[in-house]
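Residue strings, one per chain:
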Amino acid sequence: MKQKFKYDTAINAILYVLIRLGGQIDMHKLSKILYFADQHHLSLYGRSITGDTYIAMQYGPVPSNVDDILKAVRGDSFFSNCIGDLRTKLKFENRFIVKALTEPDTDELSESDIECLNYASDLCKNKSFSELTAFSHGIAWASTARDRAISVKDILRETGDDESYVEYIADQIKAQNLFF
């Protein structure tokens, strides 16, 4: 069950987190902040912020589409020449540190999006690489084969949501996919 990726929202969520945490952070921390923000939003409001698919990588969940976008900005992708104006918004200080070049368009983010991005930023901002890795190796990550998509159901189960709510949200996502 896949959610619809929200490109503009994701870009502005990235910019929001970067600006909130001083303008630049490493890709690992950014990935974990987006994961926990999406997880928290999904649990509280029944939808993720970005709609990204999280992959169970060695160092924890990684947002697949965001990771591809960041690699293109960095120049490590076949699609690096196809990213339009993204290089006016983001740049890399080195291979791992991504920097915001502009403010986010907060009109692309709902109040609840910002609430959950703040929650996840505060949760992760003072954690080291190894602490974030261990922290993100929860039930959802552990029950997924490496380099495979983590199910939305497992992401919700990790928060302790009731199984009936997990099934309800999964059904809602399926219905949205049929509609769109």
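A short tour of the structure in this document, coming up. What you see is a predicted model, and the numbers here were worked out from it, not measured in a lab. Position numbers for residues start from 1 in each chain and track the written sequence from start to end. In keeping with the predicted nature of the model, local features appear solely for residues at pLDDT of at least 70, side-chain atom pairs appear and are counted solely at 80 or more, and the whole-chain, interface and lining totals rest on all residues. To obtain the side-chain values, all non-hydrogen atoms of the structure were included, while hydrogens and water were left out.

## Looking at the overall build of the protein
Point 1. In DSSP terms, a helix is any run of H or I states spanning at least four residues, a strand is any run of E spanning at least two, and both are numbered starting from the N terminus. Counting its regular elements, the protein contains eight helices and five strands.
Point 2. In sequence order, the protein lays out its α and β elements as α-β-α-β-β-α-β-β-α-α-α-α-α.
Point 3. Only C-alpha atoms enter the radius of gyration; for comparison, a globular chain is expected to reach 2.2 Å times N to the power 0.38, where N is the number of residues. Taken against the 2.2 N^0.38 rule, which gives 16 Å for 180 residues, the C-alpha radius of gyration of the protein at 16 Å falls within 12% of a compact globule.
Point 4. For the protein, the C-alpha atoms occupy an extent of roughly 45 × 40 × 30 Å along the three principal directions.
Point 5. If you sum the accessible surface of the protein, you get close to 9,100 Å²; carbon and sulfur atoms cover 51% of it.
Point 6. The centroid of the 21 positive side-chain charges in the protein is displaced by 6 Å from the centroid of its 26 negative side-chain charges. Per-residue and other accessible areas follow the Shrake-Rupley method at a 1.4 Å probe size, with only the shown protein chains counted as cover for residues. Charge assignment: positive for Lys and Arg, negative for Asp and Glu; neither His nor the chain ends contribute. Working definition for charges: the position is that of NZ of Lys, CZ of Arg, CG of Asp or CD of Glu.

## Regarding the environment of K91
Point 1. In this fold, K91 is placed in strand β4 (residues 90-92).
Point 2. Note on K91: relative accessible area 37%, which makes it partly exposed.
Point 3. K91 has contacts with V73, I97, V98, K99 and L101, leaving out every residue within four places of it along the chain. Working definition: with a 1.4 Å probe on protein chains only, accessible area under 20% of the residue-type maximum means buried, over 50% means exposed, and in between means partly exposed. By the convention used here, residues are in contact when the closest approach between their heavy atoms is within 4.5 Å.

## Description of helix α3 (residues 64-74)
Point 1. If you check which residues of α3 are buried, you get V66, D67, I69, L70, A72, V73 and R74.
Point 2. Where α3 is buried, its residues meet α1 (7-20), α2 (27-45), β3 (60-63), β4 and β5 (97-100).
Point 3. One or two residues past the end of α3 sits G75, with phi positive at roughly 100°.

## Concerning the pattern of salt bridges
Point 1. Here, a salt bridge means any Lys or Arg side-chain nitrogen found within 4 Å of an Asp or Glu carboxyl oxygen. According to the stated counting rule, one finds 13 salt bridges in the structure shown.
Point 2. Of the charged contacts, one joins R74 and D76 as a salt bridge, the two residues approaching to 2.6 Å between their closest N and O atoms.
Point 3. Judged by relative accessible area, which is 37%, D76 ranks as partly exposed.
Point 4. Overlapping salt bridges bring together K153, D154, R157, E163 and E167 as one network.

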